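Understanding the architecture of this molecule
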Amino acid sequence: MADREMNDAAPAQLALASTAGAAVDSDVPSRRRFSLPLRRAPRRRRFSLLTRRDKLVLALMVGIPLAFDLVFIWLPCFATMGLSFTDWKGYGAINFVGLEEYEKVWSYPFFEPALIHNAIWLAWLACIATPLGILVAVILDGNLRGSRVYQTIFYLPVVLSLAVIGLIWQLLYAPDVGNGFINSFLDALGQMPISLPLPDMSHTDWLGDGNINLFACLVAASWRHVGYICILYLAGLKSVDPQLREAAAIDGATSRQTFFRVVFPVMRPINVIIVVITAIEALRAFDIVYIVNRGRNGLELLSALVTNNALSEANRVGFGSAIAVVLLLISIIPIVTFLVWQAREDLE
Amino acid sequence: MADNDKSPGLLTGGQVTRREVLKKGLVAGAGLTVLPTVIAACGSTAATAEPTQAPGATPTPVPSQGALSGNVSLGSNLSDAVPKKALQDAIDLFTTANPDVNVKINTVDHSTFQDTITNYLQSTPDDTLTWFSGYRMRAFVSQGLFTPMDDVWANISSNYTDAYKTACTADDGKMYMVPWATYAWTVYYRKDVWADKGYAIPTTLDEMKTLAAKMKADGLVPIGLGDKDGWPAMGHFDIINLRENGYQFHVDLMAGKVKWTDPAVKKVFTVWKDLLPFYESGSAGRVWQDAAKNLVAKRTGMMLQPQVAETFTAAGDADYAQLAMFPWPHHGTEWDAEEALDAPIDGFMISANSPTLAADLANAKALMQHLSTGEAQGLAAKANPANIACANDTDTSGYTDLQKAQVAVLAKAQKLTQFLDRDTKPEFAGPNGMQAFLIDFLQKPDQDLDSFLGKIQTFWDSLD
């Protein structure tokens, strides 16, 4: 699970890094004053703007989180990597078996479906949920009457944990008419005097049918994801200098042009964060499928496989760790991409 | 409330979540089916806490009641109010008889108990703890994490049938558990609906199919199933395999001694396939509680389940009064006579690593012996009518009709199995394992069974 925790922590760190980067970009000269003593002037007497007390506070502020980071993220992370080369079962001797567990992962009948489902999850979030969140943010950013109410409505699901969301949507998706809301609703539609040109879908097994349950879960996950992205983006939009829009309006840009040609490029740092968050959300997806059916029958995800093998009664700690390492390696891709982009940006 | 995770409870008063049961089971997996032969590899190195104690040691070491003093701790996963109270009452009986013994119960939420069981047993467990029979019990015993209690068993064995003895014996031939409560997997139905339509209890598979067809014609769903949690379908496989191929074959299959590609296994799926048209559709998305509600609501004709009493009680006394059950019908094979069925057993064990065990062992054994009495178990069975007591001398006069019916079914059974996920390797039975395979079969019964079973065998082979 180390990688999951890492994913959790990553957005925050990335967000910090990127805002810092943006600040440096925008007003480099003024910031120089506050920079720490520079190596370039060795002959000058050591002079620090920081008092001893400041240093102590700084050391504590950096040291404590760093210690937590090391103990709760990096230690488990490396322990997981280590265990992935063993066939440990949670008790007894720990035998080093090299890459054997990785070979087993490769031939594990649920591994390939899990990879595919994670990819579908990513594609869905990237192509549907995230753009929808941005769209909602842009609409809410306009001078809409009752915009606060809408904001609340969209943001409300973000307050709920995905596990709770899973429970809520399970009630909606329950298969029996009279029990599940959606099927009862579809059944009621069918009972209407006017017959609709729709097939009777009131017996759809939303969460049980392996062909559609992934999408049913994605709808539930998007319910939250849209609000999440919406809030992030809205915060970004509010910080865009209104003069830019004014200038664009004076130049005769339509609102569409203003957004795509002016606002969107200015929002670049936020956009990158959104991309990274989307990728990470897709890779760490777990809660809903685990609540629904523990990640089987069409809902296999890498994270669920890790849990079902390493943390369940199965006790295949070595095997589960190997899957976790695979997931970690995949997770690193968007993070590294981001860091490379960030570094390049800083150089320019 | 993760309702979907609920499975019929044993000790826990119908509130055991599936995971626990799974774990329990798995943990115990071996249980009833314990094969003397099994994977002896690790058995040979078993570090038992009392290597000197020969199996079947002479009775006595357990001191007579009243002469004890000191402490004993009990780690309990009975965290729901009703079974917790029942256990407390049983313990109170013990402390009344042994006023100088201080029994400390550490109750842990049952999910947590199961999730942390490995660490718990390896670090500083309580002297005694609640347990569930089956495969994982053997695995932990072979790691030396439990203390055998053959001496206790020498005193209590007359109070249990052989099926229980087998369930409490590990690979090394020693006894490790005291049974506490059990329940049977049987077919439930509503008496009023059946009387109304003139249905009779089917005694053969053919009669069952005829009945199911009649129910279908009457607008009922013949066989209810909610398999969202993955385990209910396992019970269906178990009973069909037991009837088609017998107890020994089933046990061997669970232990990996027979291959899943064996034609006899294919036969099971072929027989099962013929029944599937009578099954409730959409089972993979329905929790068993909802399937049970359909039985309450007279939409379903019958349902194979460990227990549905909870759902009926919730619906009201009038509905509960209509609930009845019968054992799965005969298949016309030589194995019918075994009357075998799934009946998972929960009980108590003595840990090995408890720091206080050396001082408390005599008390622990006396407590085990006390909990094996019908007097103590009757309290639990009374508190939670979904279960029945295991001890022969339990006073069953207060049993509900359903409990009496369970006793009758179990008394007739020559062989008892725990449950698929308890009788085989835990990693094989899990959600990314047999649960997934069986759902796949239920959804695509017409698939090529040879390649289906080949996939299962390949998966088994990939486990160590």
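Residues numbered from 1 in each chain as written. Chains lettered and ligands numbered in written order. Predicted model: local features only at pLDDT ≥ 70, side-chain atom pairs only at ≥ 80, totals over all residues. Heavy atoms only, no water.

Bringing the overall build of chain A into the picture now. Along its length, chain A carries 15 helices and 0 strands. Summarising the internal contacts of chain A: among those between residues at least 6 apart in sequence, 68% fall at separations of at least 24. Of the roughly 19,600 Å² of accessible surface on chain A, a fraction of 68% belongs to carbon and sulfur atoms. (Helix = DSSP H or I, 4+ residues; strand = E, 2+ residues; numbered from the N terminus. Contact = heavy atoms within 4.5 Å. Areas by Shrake-Rupley, 256 points an atom, 1.4 Å probe, with all protein chains shown as cover.)

All chains considered together, the criterion is met by 44 aromatic pairs over all chains. Judged by centre distance (5.7 Å) and plane angle (45°), the rings of A:Phe110 and B:Phe437 are tilted. Linking A:Phe110 in the loop between helix H4 (100-107) and helix H5 (111-141) with B:Phe437 in helix H21 (residues 434-443), this pair reaches from one chain into another. By the burial criterion, A:Phe110 is buried, and B:Phe437 matches it. Seen from the ring of B:Trp460, B:Lys425 lies directly overhead, with NZ or CZ sitting 4.9 Å from the centre. (Phe/Tyr/Trp six-rings, centres within 6.5 Å; stacked < 30°, edge-to-face > 60°. Buried < 20%, exposed > 50% of the residue type's maximum accessible area, 1.4 Å probe, protein only. Lys NZ or Arg CZ within 6 Å of the ring centre and 35° of its normal.)

Attention now moves to the interface of chain B and chain A. If you look at the interface, chain B gives 38 residues, while chain A gives 36 residues. Of all residues in chain B, B:Lys228, B:Pro431 and B:Asn432 give up the largest surface area on contact with chain A, accounting jointly for 21% of the area buried on that side. At the junction of chain B and chain A, the tally comes to 2 salt bridges. For A:Asp176, the salt bridge is made with B:Arg286, and the minimal N-O distance between the two is 2.9 Å. Broken down by secondary-structure element, the contributors of at least two residues to the side of chain B that touches chain A are helix H1 (18-28), helix H5 (117-122), helix H6 (135-142), helix H13 (288-296), helix H20 (426-429), H21 and helix H22 (449-462) of chain B. (Buried area = accessible area lost by both parts, 1.4 Å probe. Salt bridge = Lys/Arg side-chain N within 4 Å of Asp/Glu carboxyl O.)

Below, the discussion takes up the environment of B:Val296. All names here are of chain B. Relative to the assigned elements, Val296 resides in helix H13. With 109 residues separating them in the primary sequence, Val296 and Val187 have C-alpha atoms 14 Å apart. Contacts of Val296, omitting those with residues within four sequence positions, involve Arg190, Thr311, Phe312, Ala315 and Asp319.

To continue, consider the pattern of salt bridges. All told, the structure shown has 21 salt bridges over all chains when counted by the stated rule. In this structure, B:Lys257 engages B:Asp252 in a salt bridge whose closest nitrogen and oxygen atoms are separated by 3.8 Å.

What follows concerns the nonpolar core. Ranked by size, the top nonpolar core spans 100 residues in total, and within it B:Phe237, B:Phe269, B:Trp272 and B:Met302 carry the most contacts. Here this core gets 8 residues from one element, more than from any other, and that element is helix H11 (residues 232-254) of chain B. Looking at this core, you find at least three residues from each of domain 1 (18-182 + 346-403) and domain 2 (187-342 + 432-462) of chain B. In this structure B:Trp272 touches B:Ala233, B:His236, B:Phe237, B:Ile240, B:Tyr279, B:Leu438, B:Phe441 and B:Leu442, once residues within four positions along its chain are discounted. Counting 54 residues, the second-largest nonpolar core is a separate cluster that includes A:Tyr91, B:Leu68, B:Met137 and B:Ile345. (Core = buried A, V, L, I, M, F, W, Y, C linked by side-chain atoms within 4.5 Å. Domains from an automatic or database assignment.)

Residues and elements named next belong to chain B. Strands sit in the order E7-E8-E6-E9 across an open sheet of 4 strands; the sheet is mixed. Two strands lie at the open edges of the sheet, namely strand E7 (221-224) and strand E9 (323-326), each paired on one side alone. The mean inter-strand angle of the sheet, taken between neighbouring strand axes irrespective of direction, is 25°. As defined by bridge partners, strand E6 (residues 186-190) adjoins strand E8 (residues 300-305) across 4 bridges and the pair is classed as antiparallel. Paired with Tyr188 across the two strands is Met303, which belongs to E8. Here helix H10 (residues 205-217) sits on the sheet in contact with E6, E7 and E8, set at roughly 140° to E8. Of the strands in this sheet, E6 and E8 touch H13, which is tilted by about 140° from E8. (Pairing = 2+ DSSP bridges. Axes fitted to C-alpha atoms, helices over the stretch in contact; angles between N-to-C directions.)

Residues lying three or four places apart along an α-helix face the same way, a consequence of the helix completing one turn every 3.6 residues. Along helix H17 (residues 374-383) of chain B, the residues that are buried comprise B:Gly374, B:Ala376, B:Gln377, B:Gly378, B:Ala380 and B:Ala381. Where the residues of H17(B) are buried, they touch helix H3 (81-97), strand E5 (177-182), helix H16 (357-371), strand E12 (388-389) and helix H18 (401-412) of chain B.

The subject of this paragraph is the confidence of the model for chain B. Residues and elements named next belong to chain B. Taken as a whole, chain B shows an average pLDDT of 83; of its residues, 85% reach a score of 70 or greater. In the predicted structure, residues 1-61 sits below a pLDDT of 50 and forms 229 contacts with residues beyond four places in sequence or in another chain. Among the prediction metrics, the complex's ipTM stands at 0.73, with pTM recorded as 0.77. (pLDDT = per-residue confidence, 0-100.)

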